[in-house]
Amino acid sequence: MSETIQLTLIRENKEEQQKINVTHDSGMTLMTTLLQKELITGNFCGGRGTCGRCRVQFLQSAPLPTSRDRQAFTPDELRLGYRLACMAKPGNDCVVRMDFIKPRELEIVTEICDVMNVSEKNDCLSQEKEEGIHYLAAVDLGTTTIAMQLMEMESGRVADTYCAMNPQRSYGADVLSRIQAANERPVDERAVQERAANTETVNERTAGAADIMRNSVWKVIEDGLNRFWAVCHEKNPEAALCCMCIAGNTTMEHLLMGLSTKELGKSPFLPVELGLQRCVVPIGDAAQLPVYVAPGISAFVGGDIVTGLYRLKMLPLCGTDNERPRCDTCSDSDGQQDGFQSGGVSLLIDLGTNGEMAITDGRRMVVTATAAGPAFEGGPGKTAAGSDMVAMTALLLKEGIIDETGLMADPYFEEGITVSGHSGASIHLTQKDIRALQMAKAAVRAGVEILHQKMGCPFVERVWLAGGFGYYLDVDAAIAIGLLPREWKSCTKAAGNTSLAGAFEMGADLWNGKLTEEALSEMMQGIESINLAEQPEFEALYIRYMTLKSF
């Protein structure tokens, strides 16, 4: 039976120590109270004890450690009272020191690399007024961040950029946490009716988690649109903001559009809708702005990948006269392309919490996804950049601190080692962190290999690395640890934020009639989505690529 107890929370910064007294229901976790009292803003892994970031130290009356606590802390730390706030249920009055791991400052990549003859794009908008300028708002709706750009429809030049953290983080850092939250707290029917009637803001005290998450993201997008509207008319009173195109993973788009995520969280992972979606939002003088929400391919390969594929001209039959498009910007006098040869295939790899991959020969396309978890960020409780983790692991391998099996040499096996990454951040790596990276790397490499096999093992003409991970990734380091095949070195290039750039191009083409919904649907029809776990060769490939070496 639960009872009310008193907690003294200690928060420290460089200047002072703050003590906060709060009441707590002993039947609840400490995390629940911290969220209710608005003492923290995020639940990281959704209260599952997997990320290891919600560290606290009980200075007295520490509750017994849970199995998750034993995984997150050393025996010495447990004896000192360290626990995970999302697991701890204090039963007596106690004093707790907050020791949450601060998330690293995220660099939201909005750049698109010069890959498809677009060197004139992403320039600052000319200060000269041009009559009849048409603008489009492109949105990359990420699980962690939301990036928006106001772009000139005709030229693709960027007029303004707006970025924000995704407020849904308070329900967990990954999509599974948010799916769980959305389905544990059903949507309030009255809130749904209010939203549909557009009569008033959803009351967060009566609405379910799904509605709150939906509302919070639309609020960020609304803030961005209002800023873009002002920028448009400041530069040119005759300018028009014509439409908006949003690209996100399947879960983010379902939550945004108020679709049920119930079937996304369990096998066989069935989305409610994968096609192009449309809606309107008010902007300016009560005008209704048309909105396109990019189509997806499966529960795990969503609209953000589709717009990236559209941007790179990789969607089947989306080139001129149904031929596979070429990269004109890097062609030389012999007709070859900057290390690429004709007759091969193109591969897109987007790595993050999940790894999405797509391969095509211009007519056939196969896609898949694999969970990477927090391993590319240094493992549970770590906050390294994924590109840094790859670079640091390659360095440890080169210097003999770890061997090809991933085993750390003495004395690092017991104590770990602190390494500085390219971004300037230092991170303490343990044997457990290296093992987690090996498993994530093996899953990604096995997925890439299976896609290549599905296409008949043809020559790989180009490999695009998408997103922030790919933008900063050291290709040599990735090859050194076996994340990418060594023969792909010359054809691997960073592509930047292809989701955002693709959202612009898809939205502009839909608005101008260059792309019809029917044609887009036809492009998507023949795409094959495979489940890696169901592939008979996956287990053997996974075991093979656990080794840290160049293949």
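Use the structure listed above.
Residues numbered from 1 in each chain as written. Predicted model: local features only at pLDDT ≥ 70, side-chain atom pairs only at ≥ 80, totals over all residues. Heavy atoms only, no water.

A. A look at helix α15 (residues 517-525). For α15, the complete set of buried residues consists of Leu 520, Met 523 and Met 524. Down the axis of α15, the smallest arc covering the buried residues is 95°, so these residues share one side. Exposed side of α15, more than 90 degrees from the buried face: Glu 518, Glu 522 and Gln 525 are the residues found there. Looking at the buried residues of α15, the elements they touch are α8 (303-311) and α14 (498-512). (Buried < 20%, exposed > 50% of the residue type's maximum accessible area, 1.4 Å probe, protein only. Helix = DSSP H or I, 4+ residues; strand = E, 2+ residues; numbered from the N terminus. Arc of directions from axis to C-beta. Contact = heavy atoms within 4.5 Å.)

B. Region of interest: the sheet that holds strand β2 (residues 17-25). Taken together, the five strands give an open sheet; going across it, the order is β2-β1-β5-β3-β4, and neighbouring strands pair in mixed fashion. Only two strands of the sheet have a single neighbouring strand rather than two, namely β2 and β4 (82-84). For this sheet, the mean angle separating the axes of adjacent strands, direction not counted, is 35°. Of the strand pairs in this sheet, strand β1 (residues 4-12) and β2 are connected by nine bridges, and their pairing is antiparallel. Bridge pairing in β2 places Leu 7 opposite Val 22. (Pairing = 2+ DSSP bridges. Axes fitted to C-alpha atoms, helices over the stretch in contact; angles between N-to-C directions.)

C. Fine view of the sheet that holds strand β9 (residues 240-248). An order of β8-β7-β6-β9-β11-β10 is seen for the six strands of this open sheet, with the pairing classed as mixed. On the outer flanks of this sheet lie β8 (158-165) and β10 (277-283), each paired with one strand and no other. Neighbour to neighbour, the strand axes of the sheet diverge by 20° on average, direction disregarded. Against the sheet, α14 makes contact with β6 (134-141), β7 (145-152), β9 and β11 (287-293), and its axis sits at roughly 140° relative to β6, the strand it touches most.

D. Region of the structure containing the pattern of salt bridges. One pass over the full model with this rule turns up 15 salt bridges. As a salt-bridge pair, Glu 517 and Arg 278 come within 3.3 Å of each other at their nearest N and O atoms. In this pair, Glu 517 is assigned in helix α15 and Arg 278 in strand β10, connecting sequence segments 239 residues apart. The salt bridge partner of Lys 489 is Asp 476, with a shortest N-O separation of 3.0 Å. Remark: Asp 476 occurs in helix α13 (residues 475-480) and Lys 489 occurs in the loop between α13 and β18 (492-496); sequence separation between them is 13 residues. When its relative accessible area of 42% is taken as the criterion, Asp 476 is described as partly exposed. Look at the salt bridges and you will find they share partners, linking Glu 12, Arg 55, Glu 77, Arg 97 and Asp 99 into a network. (Salt bridge = Lys/Arg side-chain N within 4 Å of Asp/Glu carboxyl O.)

E. Inspection of the nonpolar core at higher detail. Core analysis: the largest hydrophobic core is formed by 54 residues, its most contacted members being Ile 349, Phe 376, Val 390 and Leu 483. Among the elements that make up this core, the one with the highest residue count is helix α11 (residues 431-454) (ten residues). (Core = buried A, V, L, I, M, F, W, Y, C linked by side-chain atoms within 4.5 Å.)

F. Here's a closer look at the packing of aromatic side chains. For the structure on display, the rule yields five aromatic pairs. Centroid distance Phe 538 to Tyr 542: 5.8 Å. Interplanar angle 35°. Geometry classified as tilted. Taken as a pair, Phe 538 and Tyr 542 lie in helix α16 (residues 538-544) at a separation of four residues, close to a single helical turn. Ring geometry for Tyr 545 and Phe 551: centres 4.9 Å apart, planes at 85°, overall edge-to-face. For Tyr 545, a relative accessible area of 1% corresponds to the buried category. (Phe/Tyr/Trp six-rings, centres within 6.5 Å; stacked < 30°, edge-to-face > 60°.)

G. Representation of α14 within the structure. Over its 15 residues, α14 runs 21 Å from end to end, which matches the ideal 21 Å to within 8%, given 1.5 Å per residue. Most of α14 is tucked away: 13 of the 15 residues are buried. N-cap assignment for α14: the residue whose side-chain oxygen lies 3.3 Å from the backbone N of Ser 499 is Asn 497. Just beyond α14, the residue with positive phi is Gly 513, at close to 85°. (Expected span 1.5 Å × (residues − 1). Polar contact = N/O pair within 3.5 Å; in protein donor to acceptor, adjacent residues only side chain to side chain.)

H. Geometry of the pairing of β11. With three bridges joining them, β9 and β11 adopt parallel strand pairing. Each residue of the ladder has a partner; that of Ile 246, found in β11, is Val 293. Two elements, β10 and β11, share seven bridges in a ladder whose sense is antiparallel. In the sheet register, Val 281 faces β11, and the bridge partner there is Leu 289.

I. Region of the structure containing unusual backbone geometry. In this model, Ser 267 is joined to Pro 268 through a cis peptide bond whose omega is 10°. Mapped onto the fold, Pro 268 is located in the loop between α7 (250-256) and β10. A cis amide bond links Asp 410 to the next residue, Pro 411, at an omega of 0°. Along the chain, Pro 411 falls in the loop between α9 (386-398) and α10 (412-415). The backbone of Lys 313 shows a phi angle near 60°, a positive value even though the residue is not glycine. With respect to the helices and strands, the residue Lys 313 is situated in the loop between α8 and β12 (345-351). Looking at Lys 313, the relative accessible area reads 29%, which means it is partly exposed. At Cys 457, a position not held by glycine, the phi torsion is positive, near 55°. Among the structural elements, Cys 457 can be located in the loop between α11 and β17 (460-466). A relative accessible area of 47% means that Cys 457 is categorised as partly exposed.

J. Representation of the packing of α8 against α14. Running from N to C, α8 and α14 point in directions that differ by 75°, and their axes come no closer than 7 Å. Viewed along their axes, α8 and α14 adopt a mutual orientation that is roughly perpendicular. Every residue of α14 that contacts α8 at Asp 304, Val 306, Thr 307, Gly 308, Tyr 310 and Arg 311 is listed here: Thr 498, Ser 499, Ala 501, Gly 502, Ala 503, Glu 505, Met 506 and Asp 509. Split by residue class, the contact of α8 with α14 holds five nonpolar, five polar and four charged. (Parallel < 35°, antiparallel > 145°, perpendicular 65-115°, else oblique. Nonpolar A, V, L, I, M, F, W, Y, C, P; charged D, E, K, R; others polar.)

K. Inspection of the side chain of His 254 at higher detail. As for its placement among the helices and strands, His 254 is situated in helix α7. Every residue in contact with His 254, bar those within four places of it in the chain, is listed here: Leu 259, Ser 260, Thr 261, Leu 264, Pro 271, Val 272 and Glu 273.

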